[in-house]
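Coordinate inspection notes
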Amino acid sequence: DAGVIQSPRHEVTEMGQEVTLRCKPISGHNSLFWYRQTMMRGLELLIYFNNNVPIDDSGMPEDRFSAKMPNASFSTLKIQPSEPRDSAVYFCASSLESLAGAINEQFFGPGTRLTVL
Amino acid sequence: KNQVEQSPQSLIILEGKNCTLQCNYTVSPFSNLRWYKQDTGRGPVSLTIMTFSENTKSNGRYTATLDADTKQSSLHITASQLSDSASYICVVSAGQAGTALIFGKGTTLSVSS
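Moving on, we get to the overall build of chain A. A count of helices and strands for chain A gives zero helices and 11 strands. N-terminal to C-terminal, the α/β element order of chain A is β-β-β-β-β-β-β-β-β-β-β. Expected size for 117 residues packed as a compact globule is a radius of gyration near 13 Å; at 14 Å, chain A falls within 12% of this value. Referenced to the eigenvectors of the C-alpha coordinate spread, the extents of chain A come out at roughly 45 × 30 × 30 Å. Here chain A holds 117 residues, and the buried ones make up 47% of them. Of the contacts made within chain A by residues no fewer than 6 positions apart, 56% connect residues no fewer than 24 positions apart. A total accessible area of about 5900 Å² is found for chain A, and carbon and sulfur atoms account for 52% of it. For chain A, the distance from the average position of its 10 positive side-chain charges to the average position of its 13 negative side-chain charges is 4 Å.

Conventions and cut-offs
- Residues numbered from 1 in each chain as written.
- Chains lettered and ligands numbered in written order.
- Predicted model: local features only at pLDDT ≥ 70, side-chain atom pairs only at ≥ 80, totals over all residues.
- Heavy atoms only, no water.
- Helix = DSSP H or I, 4+ residues; strand = E, 2+ residues; numbered from the N terminus.
- Rg over C-alpha atoms; globule rule 2.2 N^0.38 Å.
- Buried < 20%, exposed > 50% of the residue type's maximum accessible area, 1.4 Å probe, protein only.
- Contact = heavy atoms within 4.5 Å.
- Areas by Shrake-Rupley, 256 points an atom, 1.4 Å probe, with all protein chains shown as cover.
- Lys, Arg positive; Asp, Glu negative; His and termini not counted.
- Charge placed at Lys NZ, Arg CZ, Asp CG, Glu CD.

Read these as layout, nothing more, since geometry by itself doesn't imply function.
Below, the structure is given as structure tokens:
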């Protein structure tokens, strides 16, 4: 398996532009997570999907951020309009959630480094 | 407030030496504790996952310990190698479902020859 695939790997854009980050989870996994990583705050969970349904989006910073998962093999994270403070590395992770109480290991993609000028 | 604190923030050691990284947490309800290794420019990779009842778990030269009473964990690296240079992140899983992950800010380890 190729693991979690993210694109693009690097994105440089100007303030006010729309940015779309893409993620393909590991085949067969039923949960998908979007994280943001900065030096100041470390890794933070933005949103979590289970079976393509958003379960917890309490980490989404504001209305400028939106995420979708139209099917089990694809998800997007969109920022519109982007701001310089959105500059960070955005990670997508997936896991297979099975039995209640079971430990579900998350597998991370390589990340997208976003720079907003 | 759920928090995970790691120390030291950074560490430099010579190749072949051992080191221990610390993690203190205040997370409730506790589900499990994970250590991740993150190489520069890459996503985190899981090293160990421990539940409440586990005191220690090893993965090659990496050994993690957990004291659920004091809410402390440590990651011991034996006979360090240059490839161990990375950020090591302690993550505590909260809640019954265990999907809410609270991340520490990591310890940056540099192994020099």
